[in-house]
Amino acid sequence: ACAQPEVLEDHVWAYLDVVAKVQDGPPPVIAVRTAALEALSLLACKKQSAGHDGRMWCAIENAELSAVSAVAFADLRAGYVSRALSVLRCNATLAVFFPGFGPDAARAAWEQGYCLGSRGMLRELHRILPAAATLPASLAPLADFVEASAPEIAPAVSRGDLGGLLLGEGGAMRGWAGQELRHGFKVVDVDESRPTFDDVRPFLVGFRTEPARRECLFRFLDFLGSPTLTRHATASRYRSAFSNTVSSLDIGLAGAPSPALGADTSTYHGADFLTAGPKLSGGGCLRCKDRCGILALSIIHGLMGWPKELVLHEALLETLRLYFAFARSLWLRGDQPAARAVLWKLCCAKAAAGGCDARIAIGWWHLECFHAGERLSPGMPPRAFRILCALAAGSFDHEDITSDAAGQDVSMQSLQAIAKLQKLLPGQSGKDAGSFRYLLSSYHATLVGLCSLVVRSSPRRALELFLREFEKHAGQYHAELGGSSTTSLLQGNPAAEQARCWELACAMFTNMLSISPGVPPRMVLEMVQAGLRIHSQSPWLLRALAAAHLCRGTLAALRRDIDHVLGLHSWSSSLALQDCSVGALCVALEAELACGARCSYERVVRLCERAAQMNAACSAFTGSAAWVLCHAMLAWKAKATSQRSPVALAEARQERWRVAVRAVAGHPLDKVLRVLQLAACEARGDSADVGGGGGQNEEEILDLVAQIEACQIPLCSDPLEAIA
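Residues numbered from 1 in each chain as written. Predicted model: local features only at pLDDT ≥ 70, side-chain atom pairs only at ≥ 80, totals over all residues. Heavy atoms only, no water.

**Quick word on the overall build of the protein**
Put simply, the test is: The numbering of helices and of strands both runs from the N terminus, where a helix is a DSSP run of H or I of at least 4 residues and a strand a run of E of at least 2. In this scheme, a residue with accessible area under 20% of its type's maximum is buried, one over 50% is exposed, and one in between is partly exposed, where area comes from a 1.4 Å probe on protein chains only. By the convention used here, residues are in contact when the closest approach between their heavy atoms is within 4.5 Å. Each accessible area is a Shrake-Rupley result for a 1.4 Å probe, and residues are judged covered by the shown protein chains and nothing else.
Along the protein, the regular secondary structure elements total 33 helices and zero strands. Counting the 724 residues in the protein, one finds 56% classified as buried. Here the analysis covers contacts within the protein between residues at least 6 apart in sequence; of these, 72% occur between residues at least 24 apart. Per element, the accessible surface of the protein, about 29100 Å² overall, is 54% carbon and sulfur.

What follows is the structure in structure tokens.
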């Protein structure tokens, strides 16, 4: 493989994947770490013989990053949160502060408690290396502010998670499993619990190429929750592993709407499903102490080496909760007046400079339309309409925006705003969104605002206008993306950012169509299908697709379309060539639960099982999320059938045990699946009691606990105390 640089990274992932699945041998996490050391040693030898071949050097260092990332994923899946972060953090420290030096260059700073993102790291760096680069003068006040600020308090764990579902089932072992899932990834103090330098030294790589050094920093920022993951192709090995490993356990199923428990589907409005909380792409983040502070300082430190790196500047804005991110967080916490004040000031500041920021204005408009509480009437709320008129006029007057008075004739205002936005649209930039996941570019934002005004008088004309612009610009980006499954550090992919903007624009306009009076569901489906051409597994667009079908009551068509989009309609032999993202699978499951009395629990289990057979789920690093969702669905099925015959309940619990065995066999290093297997074992014992077949199988539980100990998976509490 070393003779073929373009496939070197894939071979490293494949090798470590095979090692992680070996049943007989050392514990899986130890096996992965040992295999990664062997791969790093081989790659280091190959790097020495590469000479001055820059292409080969980039490919080798890309493969070395894959080996280091796989070690972090394995540690995290096994429950070693601090160790996983330390491997990435120490490598990023070496890449940012000690370029061109060997791994031991970071020893002194690490042993003194200083590293990337640490308070006081810059002073320690200049003590060790007096000639080191200094922080840009423009960022010095910001760095001083972050270092002087108090550490962030991590939010509490949500009560509507899989752990809560297990706690509600009853049973000592299931109660322990629920608590373990809630506290297994608790808030970690990464500064106090980090390992020694000698523990992380074997996995340190002195990256020399600029792309590898930047990527090393970005991967540490990914784990902290920075919105930098979109630089990778959706089907890349790293992004798939990240989405499955770092995604939150709060899967949104234990808190599903009441119709999922058997209400009449006709009483459930599909638009409520649409706005119940669309899942944006990007994965989750680790729960570590002072996460925002570490992330902000890490980005500031990274800007010392790459002061013009646009991605770092954009990540810094979101990390510090500035601008729109800050206002949006206020809004979603319920403090809408304060959020409106921040958004109004932002719009006024840009208007005073000679124009309005369409990105901020449309973001504010979307919050007013879909996150302002219960809608009293269909269509665009009055305040949202006034925001679009102010955007078109280029003047955000406080009274005009906040007043509930109708003002002049609404139809005349709408016509004037449409004419002005049509003139503004051609001159807007389509490349100024900066990968900010909540905002559109100026061009896409203006287009959404224009079409949303037109839809008030002519929905068909608005749809045709949007699709005409979509066909004109979006096709080239879709062709450039090409669905590549590998990530290249040799060149960027600007088409991915354009595709993200088009996906978000399609989702926002679809939302507008769904709440507008007089718009038939057929027109909404036409818009959704156009958007799915850009991103076939967009959770937001899939949610809109499900809402349109739920409004019409066409449940058979809903299931057919979702199966087709996710590729679940294929033959079992061809599933290995497909890919199903975690977010898309969650929407498919929640859509089925929303079918009310016609919900098929057999289907939701089958969806999870077929997703687990796909290519991304066949890897030891990327498949656990589908199995966790399958556990959740089976637990939900048991809850729904608990009032029926005991035989049906026993069959559901037996099926859950079979799934647990298959999941652990494919992912032996995953702590969550091991814990869920203990819960399934106890549930299986309860079904045996119902059928008169025996007790709780305590000996089998003891064997499973012994396997967890043999795999060196740390637990927060002793499971044997639950059955004592």
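**Section: helix 4 (residues 81-97)**
Quick reminder of the rule: Multiplying 1.5 Å by the residue count of a helix minus one yields the expected span of that helix.
Relative to the 24 Å expected for 17 residues at 1.5 Å per residue, helix 4 spans 24 Å between its end C-alpha atoms, a close match to the ideal helical length. Of all the 17 residues making up helix 4, 16 are buried; the element is thus mostly covered by neighbouring parts of the structure.

**Topic: the nonpolar core**
Here is the rule: Here, the term nonpolar core denotes a set of buried Ala, Val, Leu, Ile, Met, Phe, Trp, Tyr and Cys residues that are joined through side-chain atoms within 4.5 Å.
Grouped together as the largest cluster of nonpolar side chains are 138 residues, with contacts concentrated most on Ile362, Trp365, Phe396, Phe466, Phe509, Met527 and Leu566. With sequence-adjacent residues up to four places away left out, Ile362 is seen in contact with Leu388, Leu391, Leu440, Ala445, Val448, Gly449 and Met508. Among the nonpolar cores identified, the runner-up in size contains 82 residues, and Val32, Val146, Phe218 and Ala241 belong to it.

**Section: the environment of Ala74**
Looking at where Ala74 falls in the secondary structure, it is placed in helix 3 (residues 54-78). Judged by its relative accessible area of 0%, Ala74 is buried. It is 10.0 Å that separates the C-alpha atoms of Ala74 and Leu16, two residues lying 58 residues apart in sequence. For Ala74, the residues in contact, after removing those within four places along its chain, are Val29, Val32, Phe621 and Leu669.

**Observations concerning unusual backbone geometry**
Positive phi is not limited to glycine here, since Gln712 has a value of about 55 degrees. For Gln712, the location among the structural elements is in the segment after helix 33 (698-710).

**Concerning the packing of aromatic side chains**
Put simply, the rule is: When two rings of Phe, Tyr or Trp (its six-membered ring) have centres within 6.5 Å they constitute a pair, described as stacked for plane angles under 30 degrees, edge-to-face for angles over 60, and tilted for the intermediate range. Two limits define a charge over a ring: the Lys NZ or Arg CZ must be within 6 Å of the ring centre, and within 35 degrees of the ring normal.
Evaluation of the coordinates by the stated rule reveals 10 aromatic pairs. Cluster of aromatic residues (ring-pair linked, three or more members): Trp13, Phe73, Phe223, Tyr238 and Phe242. Of note, Arg219 hangs over the ring of Tyr238, and the distance from its end group to the ring centre comes to 4.1 Å. Stacked on the ring of Phe385, the Lys or Arg Arg456 has its end atom at 4.3 Å from the ring centre.

**Structural notes on the packing of helix 25 (residues 521-532) against helix 26 (residues 539-552)**
Helix-helix packing: each pair is described by the crossing angle between the helix axes and the interaxial distance. Spelled out, the test is: For helices, the axis comes from a line fit to the C-alpha atoms of the stretch in contact; other axes are also lines fit to C-alpha atoms, and the angle between any two N-to-C directions lies between 0 and 180 degrees. An angle below 35 degrees is treated as roughly parallel, one above 145 as roughly antiparallel, one from 65 to 115 as roughly perpendicular, and anything else as oblique. Left-handed describes a crossing whose near helix is turned anticlockwise from the far helix by less than a right angle; the clockwise case is right-handed. All residues other than Ala, Val, Leu, Ile, Met, Phe, Trp, Tyr, Cys, Pro, Asp, Glu, Lys and Arg, Gly among them, are scored as polar; the first ten of these are nonpolar and the last four charged.
Viewed as axis vectors pointing N to C, helix 25 and helix 26 meet at an angle of 160 degrees, and their least axial separation amounts to 9 Å. The angle between helix 25 and helix 26 falls in the class roughly antiparallel. As helix 25 runs across helix 26, the sense of the crossing is left-handed. Each of Pro521, Val524, Leu525, Val528, Gly531 and Leu532 in helix 25 lies in contact with helix 26, whose residues at this interface are Leu541, Leu542, Ala544, Leu545, Ala548, His549 and Arg552. Residue classes in the contact of helix 25 with helix 26 are distributed as 10 nonpolar, two polar and one charged.

**Some remarks on the confidence of the model for the protein**
For clarity, the cut-off: Per residue, pLDDT measures the predictor's confidence, with a range of 0 to 100.
Looking at the protein, the pLDDT average stands at 76 and 74% of residues meet or exceed 70. Throughout residues 155-160 the model reports pLDDT below 50, and contacts reaching past four residues in sequence, or to other chains, amount to 11 contacts. Of the regions scoring below 50 in pLDDT, residues 479-492 engages in 24 contacts with residues more than four places distant in sequence or in other chains.

**Some words on the pattern of salt bridges**
To keep things clear, this is the line we draw: Between Lys or Arg on one side and Asp or Glu on the other, a salt bridge is scored when a side-chain nitrogen of the former is within 4 Å of a carboxyl oxygen of the latter.
Summed over all chains, the structure comprises 25 salt bridges. Between Arg460 and Glu526 there is a salt bridge, with its nearest N and O atoms 3.4 Å apart. One end of the pair, Arg460, is in helix 23 (residues 459-481); the other, Glu526, is in helix 25, and 66 residues separate them in sequence. We classify Glu526 as partly exposed; its relative accessible area is 32%. Among the ionic contacts, a cluster of salt bridges with common partners joins Asp104, Arg107, Glu111, Asp198 and Arg201.

**Some thoughts on the side chain of His366**
Here His366 is to be found in helix 18 (residues 358-370). For His366, a relative accessible area of 6% corresponds to the buried category. Sequence-distant contacts of His366, defined by excluding residues within four places in its chain, comprise His371, Met508, Asn511 and Trp540.

**Considering the packing of helix 30 (residues 624-640) against helix 31 (residues 646-666)**
Closest axis-to-axis distance for the helix 30/helix 31 pair is 9 Å, and the angle between their directions is 170 degrees. Judged on the interaxial angle alone, helix 31 and helix 30 are roughly antiparallel. From helix 30, Trp627, Cys630, His631, Leu634, Ala635, Lys637 and Ala638 reach across to helix 31, where they touch Leu649, Ala652, Glu655, Arg656, Val659, Ala660, Arg662 and Ala663. Each residue belonging to the contact of helix 30 with helix 31 can be placed in one class, and the counts come to 10 nonpolar, one polar and four charged.

**Quick notes on the environment of Lys420**
Here Lys420 is to be found in helix 21 (residues 410-424). Note on Lys420: relative accessible area 39%, which makes it partly exposed. Through-space distance from the C-alpha of Lys420 to that of Ala392 is 5.6 Å; in sequence the pair is 28 residues apart. Residues in contact with Lys420, not counting those within four places in the same chain, are Ala392 and Ala393.

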